[in-house]
Amino acid sequence: MNGSRRQFLKASAAFGAFNLIPARVLWGATAPSNQLTRALIGFGVIAHSENHLPFKGSRLIGLTDCYAPRVAAGLAAAEKAGWGKVKGYRDFRELLDDKDVDIVHICTPPHWHGVQSAMAAKAGKDIWCEKPMTRTVGEGKRVMELVKANGRMFRLNTWFRFQSTFYGFGTTVEPIRQIVENGLLGKGPVKCVFGEGQGFSWKFGWSGRVQDRVQMIPEGLDWDMWLGPAPWKPYTDHRFGTSFRGYWDYDSGGLGDMAQHYLDPLQYLLCKDETSPVKIDYKGLPQHPEAVGSFDRFTLTYDDGTEVILDGDVSLRDEPLLRGSNGLCVYKKAKDGKTLRIKDANGWWSEEKVLKTLAELPKPAPQQTDFIDSCKTRKPFALNESNGFRSSSMFNLAIVAWRLGRSFEFDPVTLHAKNDAAADRLLYQDDMMREPWRTEMFG
């Protein structure tokens with residue numbers, strides 16, 4: 001031990017201060033023991049994806065799941081991935097109490113995302129959360145409040161606003177943002193259509209079973225913990241497996257599965273990161289109170305008249321992704337094309353004109369795209385608790401209209417339905433949440 005470090009340790013011990021300062025702050029991040037550490041909450045299918053178990057930007061030291069065989073499988077998978085022998089926790093609260101964990105990856109079903117994010121923020125952890133951010137507007141609002149109040153870093157595990165080709169468009173989202181931000185679509189409201197015709201599937205196969213036979217709980221599964229904040233229901237394989245998405249208690253079918261992937265980059269490219277729709281219209285069949293079905297169409301209208309239409313019956317298959325007030329339209333790329341297509345009153349633009357126009361337009365402001373750097377510098381990530389809340393609110397508003405079977409109006413400032421108690425109850429749902437999880441989140 002060198003003299004300066006020995007002297008520092010002696011002085012720190014005298015003042016009782018040493019344990020208050022993380023080692024990585026004292027000695028830098030060069031040694032493996034001083035890297036940021038992380039642990040996984042939930043070890044189902046999604047935990048194996050590249051941003052969780054195998055992610056090399058920080059050191060994996062533990063994982064937990066309420067199903068014992070998954071914990072055992074996770075420990076073996078972690079060792080195989082090169083992390084050595086990591087710690088297994090049966091209860092995620094033990095993980096949150098572990099002072100050695102800097103970052104938690106929330107890989108549980110969506111009905112847990114809000115509660116576990118809230119508890120992680122209060123425990124002083126930075127948070128890497130799977131999509132959707134939360135199941136309700138109320139949960140999202142609370143997570144946003146607690147992340148900010150506790151000075152935590154937060155990222156959602158979807159990435160299309162800042163990297164990767166945006167589904168069938170042959171480009172990242174940035175050039176589409178350039179078109180909007182620089183006024184190529186005119187000064188008035190924009191119409192946006194999202195559906196299979198534009199390259200976005202709503203996966204209507206996720207649907208619950210309303211008369212499923214009760215089954216024996218598998219050995220090693222804490223079913224009450226799996227249900228967590230959701231209403232208690234008897235065990236069935238269909239509720240527990242990946243088909244859980246078909247039940248309102250845990251998710252909202254293909255909309256919950258995919259909407260944040262689709263609508264978060266849309267929110268960004270429309271420059272709507274700080275607001276929400278003011279009117280939500282629904283067209284389709286009434287929904288079962290437990291099992292998710294399908295929809296024909298949602299229309300989300302913003303205060304400036306911009307419309308976002310979620311096309312479920314594919315009746316708008318030939319519409320462009322974006323239609324400007326001046327008639328200019330943006331489409332996904334052609335089968336053999338290199339980039340998105342643009343059409344105006346005079347017809348289709350050549351690919352050369354599209355590329356030249358994009359090259360000449362000012363680019364959007366740069367984004368912070370390294371979450372580990374966010375945790376070190378405390379600079380908010382590109383997709384954080386604030387803009388993530390707004391993009392999750394887009395489809396959580398749609399879900400309320402879906403379940404009600406009708407339209408309603410929303411105030412994007414107060415974050416409540418306008419003169420509509422039934423809509424507001426579904427927007428918040430805190431009175432439907434089981435204890436102790438309701439108190440953990442809202443208490």
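Above this text sits the structure in question.
Not measured: the values here are computed from a predicted model. Here the residue numbers are simple positions, counted from 1 along each chain's written sequence. Two thresholds apply to this predicted model, a pLDDT of at least 70 for residue-level local features and 80 or more for giving and counting side-chain atom pairs, whereas whole-chain, interface and lining totals are computed over all residues. Just so you know, side-chain values use all the structure's heavy atoms and leave hydrogens and water out.

**A word on the nonpolar core**
The test is simple: By nonpolar core is meant a set of buried Ala, Val, Leu, Ile, Met, Phe, Trp, Tyr and Cys residues that side-chain atoms within 4.5 Å join together. Residue burial is assigned from relative accessible area. The probe radius is 1.4 Å, only protein chains are included, and a residue is buried under 20% of its type maximum, exposed over 50%, and partly exposed in between. Put simply, DSSP marks the helices as runs of H or I at least four residues long and the strands as runs of E at least two long, and each gets a number from the N terminus on. Note on contacts: a residue pair qualifies if any of its non-hydrogen atoms lie within 4.5 Å across the two residues.
Among the nonpolar cores identified, the biggest contains 114 residues, and F194, L255, L322 and F408 are the most heavily contacted of them. Looking at this core element by element, the count peaks at 9 residues for helix 13 (residues 385-404). Among all residues touching F194, those that are not within four sequence positions of it are F166, F200, W202, Y262, L266, I309, L310, D311 and L321. Of all hydrophobic cores here, the second largest spans 12 residues; its members include L40, F43, L53 and L60.

**So, the sheet that holds strand 11 (residues 322-323)**
To be explicit about the condition: For two strands to count as paired, DSSP must find a minimum of two bridges between them.
Taking strand neighbours across the sheet as the criterion, the 10 strands line up as 14-13-12-11-7-10-9-8-15-16 in an open arrangement whose pairing is mixed. Both outer strands of the open sheet, strand 14 (347-348) and strand 16 (416-417), are each paired with one neighbouring strand and no more. Here strand 8 (residues 279-283) pairs with strand 15 (residues 408-411) via 2 bridges, running antiparallel. Each bridged residue has a counterpart across the sheet, and for K279 the counterpart in strand 15 is E409.

**Focus: the sheet that holds strand 3 (residues 87-89)**
Cut-off, in case you're wondering: Note on definitions: angles span 0 to 180 degrees between N-to-C directions of axes, and those axes are lines fitted to C-alpha atoms, for helices only across the stretch in contact.
As summarised here, the arrangement of the 6 strands in space is 3-2-1-4-5-6, forming an open sheet in which the pairing is parallel. A single partner strand is all that each edge strand has here, and the edge strands are strand 3 and strand 6 (154-156). The sheet shows a mean angle of 20° between the axes of neighbouring strands, taken without regard to direction. Relative to strand 2 (residues 59-64), strand 1 (residues 37-41) is paired through 5 bridges, and the arrangement is parallel. Each residue of the ladder has a partner; that of L40, found in strand 2, is L63. Across the sheet, helix 3 (residues 68-80) lies against strand 2 and strand 3, angled at about 165° from strand 2, the strand it touches most.

**Description of the packing of helix 5 (residues 113-122) against helix 6 (residues 137-149)**
Put simply, the rule is: Oblique is the label for any angle not under 35 degrees, not over 145, and not in the 65 to 115 range, which are roughly parallel, roughly antiparallel and roughly perpendicular in turn. Crossings are assigned a handedness: left-handed for a near helix turned anticlockwise from the far helix by less than a right angle, right-handed for a clockwise turn. Only Asp, Glu, Lys and Arg are considered charged in this grouping, and only Ala, Val, Leu, Ile, Met, Phe, Trp, Tyr, Cys and Pro are considered nonpolar; every other residue, Gly among them, is considered polar.
Where helix 5 contacts helix 6, the axes come no closer than 9 Å and their chain directions differ by 15°. Judged by the inter-axis angle, helix 5 sits roughly parallel to helix 6. The element helix 5 and its partner helix 6 pack so that their crossing is left-handed. Contacts between helix 5 and helix 6 pair G114, S117, A118, A121 and K122 from the former with E139, V143, L146 and V147 from the latter. For the contact of helix 5 with helix 6, the per-class residue count stands at 5 nonpolar, 2 polar and 2 charged.

**Looking at the pattern of salt bridges**
We count it as follows: Here, a salt bridge means any side-chain nitrogen of Lys or Arg that lies within 4 Å of a carboxyl oxygen of Asp or Glu.
Within the structure shown, the criterion is met by 31 salt bridges. Ionic pairing is found between K356 and E360, a salt bridge with its closest N-O pair at 2.6 Å. Of this pair, K356 and E360 both sit in helix 11 (residues 351-360), 4 residues apart, roughly one helical turn.

**Here we look at the side chain of Q368**
Examined against the element boundaries, Q368 turns out to sit in the loop between helix 11 and helix 12 (371-377). Those residues within four positions of Q368 in sequence are excluded, and the remaining contacts are D373, S374, T377, K379, P380, F381 and A382.

**Concerning the pairing of strand 1**
The element strand 1 is largely enclosed, with a buried count of 5 among its 5 residues. Because side chains alternate across strand 1, one face comprises the buried residues T37, A39 and I41, and the other comprises R38 and L40, equally buried. Strand direction decides the pairing type here: strand 1 and strand 4 (residues 103-106), joined by 4 bridges, are parallel. Following the sheet pairing, L40 is matched in strand 4 by H105.

**Topic: the environment of G205**
Along the chain, G205 turns up in the loop between strand 7 (191-194) and helix 8 (223-227). You can call G205 exposed: its relative accessible area is 71%. For the pair formed by G205 and V292, sequence separation is 87 residues and the distance between their alpha carbons is 9.7 Å.

**A look at the packing of helix 13 against helix 14 (residues 421-428)**
One way to put it is that helix 13 packs onto helix 14 with a least axis distance of 9 Å and a crossing angle of 130°. By the angle between their axes, helix 13 is oblique relative to helix 14. Crossing hand, helix 13 versus helix 14: right-handed. Where helix 13 approaches helix 14, its residues L397, V400, R403 and L404 are matched on the opposing element by A422, A423, L426 and L427. Its residues assigned to classes, the contact of helix 13 with helix 14 shows 7 nonpolar, no polar and 1 charged.

**Some points on helix 6**
Definition in use: To estimate how far a helix should extend, the number of its residues minus one is multiplied by 1.5 Å.
Spanning 13 residues, helix 6 covers 18 Å between terminal C-alpha atoms, matching the ideal 18 Å at 1.5 Å per step. Among all positions in helix 6, only V137, G138, E139, G140, R142, V143, M144, L146 and V147 are buried. Just beyond helix 6, the residue with positive phi is G151, at close to 65°.

**Digging into empty space enclosed by the protein**
Applied cut-off: Cavity and pocket criteria rest on a 1 Å grid covering protein atoms alone: a 1.4 Å probe that fits but cannot get out defines a cavity, protein on both sides within 12 Å along at least 5 of 7 lines defines an open pocket, and an atom within 4 Å of a point defines a lining residue. Grid points are joined across faces, edges and corners, and a volume is the space filled by probe spheres set on the points.
Going through the model one piece at a time under the given rule, you end up with 1 cavity of 30 Å³ or more. Size it by volume and the largest cavity reaches roughly 110 Å³. Lining the largest cavity we find 15 residues, and of these R135, D251, S252, N396 and I399 sit closest to its centre. The element that contributes the greatest number of residues to the lining of the largest cavity is helix 13, accounting for 5 residues.

**Here's the deal with the layout of surface pockets**
One number sums up the size of the largest pocket: a volume of about 580 Å³. Taken together, 33 residues make up the lining of the largest pocket; nearest its centre are I46, C107, T108, P109 and F244. Split into classes, the residues belonging to the lining of the largest pocket amount to 16 nonpolar, 8 polar and 9 charged.

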